Amino acid sequence: QVQLVESGGGLVQPGGSLRLSCEASESIFSLNDMGWYRQAPGKERELVATITNSGDINYSDSVKGRFTISRNYVENTVYLQMSSLKPEDTAVYYCNAKKWYVNYWGQGTQVTVSP
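Just so we're clear, the structure is a prediction, and the values are computed from it rather than from any experiment. (Residues numbered from 1 in each chain as written. Predicted model: local features only at pLDDT ≥ 70, side-chain atom pairs only at ≥ 80, totals over all residues. Heavy atoms only, no water.)

(A) Representation of the overall build of the chain. Check the secondary structure of the chain and you find zero helices and 11 strands. Helices and strands appear in the chain in the N-to-C order β-β-β-β-β-β-β-β-β-β-β. Its C-alpha atoms give the chain a radius of gyration of 13 Å, within 12% of the compact-globule value 13 Å for 115 residues. Along the three orthogonal principal directions, the C-alpha set of the chain runs to about 40 × 25 × 25 Å. Intrachain contacts of the chain at a sequence separation of at least 6 include 54% that bridge at least 24 residues. As presented, the chain carries roughly 6100 Å² of accessible surface, and 49% of it is formed by carbon and sulfur atoms. (Helix = DSSP H or I, 4+ residues; strand = E, 2+ residues; numbered from the N terminus. Rg over C-alpha atoms; globule rule 2.2 N^0.38 Å. Contact = heavy atoms within 4.5 Å. Areas by Shrake-Rupley, 256 points an atom, 1.4 Å probe, with all protein chains shown as cover.)

(B) Local environment of the environment of Gln 13. Relative to the elements of secondary structure, Gln 13 occurs in the loop between β2 (10-12) and β3 (18-24). Judged by its relative accessible area of 56%, Gln 13 falls in the exposed class. If we ignore the near neighbours within four places in the chain, the residues touching Gln 13 are Val 113, Ser 114 and Pro 115. (Buried < 20%, exposed > 50% of the residue type's maximum accessible area, 1.4 Å probe, protein only.)

(C) Up close: the sheet that holds β3. Spatial strand order, β1-β3-β8-β7: four strands in an open sheet with antiparallel pairing. The open sheet is flanked by β1 (4-7) and β7 (67-72), the only strands paired with a single partner. Direction aside, neighbouring strands of the sheet carry axes that sit 15 degrees apart on average. Across six bridges, the pairing between β7 and strand β8 (residues 77-82) is antiparallel. Residue pairing across strands places Arg 71 opposite Val 78, the latter belonging to β8. (Pairing = 2+ DSSP bridges. Axes fitted to C-alpha atoms, helices over the stretch in contact; angles between N-to-C directions.)

(D) Region of interest: empty space enclosed by the protein. Applying the stated rule across the entire model yields one cavity of 30 Å³ or more. Quantified by volume, the largest cavity comes out at close to 50 Å³. Within the residue set of the lining of the largest cavity, elements represented by two or more residues are β4 (33-39) and β5 (46-52). A breakdown of the residues in the lining of the largest cavity according to their chemical character gives five nonpolar, three polar and two charged. (1 Å grid on protein atoms, 1.4 Å probe; cavity = no way out; pocket = protein on both sides within 12 Å on 5 of 7 lines; lining within 4 Å. Points joined across faces, edges and corners; volume = space filled by probe spheres on them. Nonpolar A, V, L, I, M, F, W, Y, C, P; charged D, E, K, R; others polar.)

This is how it looks when you write it as structure tokens:
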């Protein structure tokens, strides 16, 4: 069982920045893919960014050029650096990890972009 703990959410003004962190309970070397998803009120959960074990990165079109996903093997942590935030980025952000075709999720962290 992989445990994922997110942190770094909060309230930020439009145009601001936040960095989300997701710490895994085991070495991320053992995980296949990791990523970030988000769910806004009344909407389905959607992909934000993913990074594979081989380093391939994928971003949704809505965040491309503004968000950056990265990982730190020493800290077993995946980060999501978010810049130029917009009100439409407001959502609960979830960390995801895949291991042997099983999906694991964190508890979520709220990001609110508002003046």
